[in-house]
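# Per-entry structural report
Here is how the chains run, residue by residue.
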Amino acid sequence: MRKYLIAGNWKMNLVPSKAKEFAEELVDNLKKINDDIIVMVAPPFTALEGVSNIIKGSKIKLGAQNINDNEDGAYTGEISADMLLDIGVEYVIIGHSERRHIYNENNEFINKKVLKALSKGLKPILCVGELLSERETGDTEKVVREQVVKCLNGVSREQMVNLVIAYEPVWAIGTGKVATPEQAEEVHAFIRKLIEELYDKDTASDLIIQYGGSVKPDNIDGLMVKENLDGALVGGASLKVDSFCRLVNFNK
Ligand code: PGA
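The text that follows walks through the structure, step by step, so that each part is easy to find.

Calculation notes
- Residues numbered from 1 in each chain as written.
- Predicted model: local features only at pLDDT ≥ 70, side-chain atom pairs only at ≥ 80, totals over all residues.
- Heavy atoms only, no water.
- Helix = DSSP H or I, 4+ residues; strand = E, 2+ residues; numbered from the N terminus.
- Rg over C-alpha atoms; globule rule 2.2 N^0.38 Å.
- Buried < 20%, exposed > 50% of the residue type's maximum accessible area, 1.4 Å probe, protein only.
- Expected span 1.5 Å × (residues − 1).
- Contact = heavy atoms within 4.5 Å.
- Axes fitted to C-alpha atoms, helices over the stretch in contact; angles between N-to-C directions.
- Parallel < 35°, antiparallel > 145°, perpendicular 65-115°, else oblique.
- Left-handed = near helix turned anticlockwise from the far one by under 90°.
- Nonpolar A, V, L, I, M, F, W, Y, C, P; charged D, E, K, R; others polar.
- Near = heavy atom within 4 Å.
- Polar contact = N/O pair within 3.5 Å; in protein donor to acceptor, adjacent residues only side chain to side chain.
- Areas by Shrake-Rupley, 256 points an atom, 1.4 Å probe, with all protein chains shown as cover.
- Pairing = 2+ DSSP bridges.
- Core = buried A, V, L, I, M, F, W, Y, C linked by side-chain atoms within 4.5 Å.

### Focus: the overall build of the protein
Scanning the protein for helices and strands turns up 11 helices and 8 strands. Rg of the C-alpha trace for the protein: 17 Å, near the compact-globule value of 18 Å for 252 residues, within the 12% margin. Projected onto the principal axes, the alpha-carbon positions of the protein cover approximately 45 × 45 × 35 Å. By residue count, 52% of the 252 residues in the protein fall in the buried class.

Shown next as structure tokens:
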């Protein structure tokens, strides 16, 4: 049975001292989590170690927001897989639309990061999703197919058990415009079918596919009832204790 992954992407918010306070409150409020739910938070790099120490022993897992595709060396300003692993990071968000569109990361570059993360034992959350203009021209499936195929190039069937895909329509991120459960389900089902085509039926049915884009306490329940939606990758609504805890405890 697939689990749900509810993940908070804190983006460039919370200085380390505030991040630690916030993590303490989350630990206090999330002592009981259903067995079929995995909870993860992805603080900014400078807060990772502090948050790691606080959530150790709790049910909350640690994620990073980016990774470099090289092992180590002269890459000023970059963070390697080993640096993340050394402080207890388990998941890493790769190919987020803000990295694709603000920092010009393309599918080939994202693929290198996915391969590096997997080879080091980190679990990538590979983000895919179309722009509003691409949805309007009917190109959603074409764009998502290309992103999935290119970003998973060279990823083995065995490695797929450690990978998560997040479908995040770019027009829904931070805009308050959530995809309807039906719109999301359509793309999630398409992605699962594509994974079956690229790998096999078991790999496809075991894959966690999160939805992301303006997920809030008042819309999560309607999204999570859909068959192919296995959790949420949440930005804005993950930055308040009450709201994040409500998301973790969504009604099934
Ligand atoms: P949002 O961000 O929940 O603020 O829309 C989602 C994301 O960027 O993953």
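### What to know about helix 7 (residues 140–151)
Compared with the 16 Å implied by 1.5 Å per residue over 12 residues, the 16 Å span of helix 7 between its first and last C-alpha is a close match. Of the surrounding elements, those touching the buried residues of helix 7 are helix 4 (97–102), helix 5 (107–120), strand 5 (123–128), helix 6 (132–136), strand 6 (164–167) and helix 8 (181–198).

### Considerations on the packing of helix 5 against helix 7
Remark: helix 5 packs on helix 7, axes separated minimally by 8 Å, with the N-to-C direction vectors making an angle of 45°. With respect to each other, helix 5 and helix 7 are oriented oblique. Taken as a pair, helix 5 and helix 7 cross one another with a handedness that is right-handed. Across the interface between the two elements, Asn 107, Glu 108, Ile 110, Asn 111 and Val 114 from helix 5 touch Glu 146, Gln 147, Lys 150 and Cys 151 from helix 7. Partitioning the contact of helix 5 with helix 7 into residue classes produces 3 nonpolar, 3 polar and 3 charged.

### Details of the site of the ligand
The immediate surroundings of the ligand are formed by Lys 11, His 96, Glu 168, Ala 172, Ile 173, Gly 174, Gly 213, Ser 214, Leu 233, Val 234, Gly 235 and Gly 236. The backbone of Gly 174 places a nitrogen or oxygen atom 2.6 Å from an oxygen atom of the ligand. Within the backbone of Gly 235, an N or O atom sits 2.9 Å from an oxygen atom of the ligand. Burial of the ligand by the surrounding chains reaches 96%, relative to a free accessible area of 280 Å².

### Focus: the sheet that holds strand 3 (residues 60–64)
Hydrogen bonds between backbone atoms are what pair the strands of a sheet, whose relative direction is either parallel or antiparallel. Strands sit in the order 1-2-3-4-5-6-7-8 around a closed barrel of 8 strands; the barrel is parallel. With direction set aside, neighbouring strand axes in the sheet form an average angle of 30°. In terms of strand pairing, strand 2 (residues 37–42) meets strand 3 through 3 bridges, oriented parallel. Residue Val 39 lies in a different strand from strand 3, and its bridge partner there is Ile 60. Along the sheet, helix 2 (residues 45–55) makes contact with strand 2 and strand 3, crossing strand 3 at roughly 165°.

### Considerations on helix 8
Helix length check: helix 8, at 18 residues, gives a terminal C-alpha distance of 25 Å against a target of 26 Å (1.5 Å per residue), a fit within 8%. For helix 8, the full list of buried residues reads Ala 184, Glu 185, Val 187, His 188, Phe 190, Ile 191, Arg 192, Leu 194 and Ile 195.

### Things to note about the nonpolar core
Within the largest apolar cluster, 72 residues are counted, with the highest numbers of intra-cluster contacts made by Leu 26, Ile 191 and Ile 195. Per-element tally for this core: the top contributor is helix 8, with 6 residues. With sequence-adjacent residues up to four places away left out, Leu 26 is seen in contact with Trp 10, Val 41, Ile 60, Val 241, Phe 244 and Cys 245. Counting 13 residues, the second largest nonpolar core, distinct from the first, contains Ala 7, Ala 42, Tyr 91 and Cys 127.

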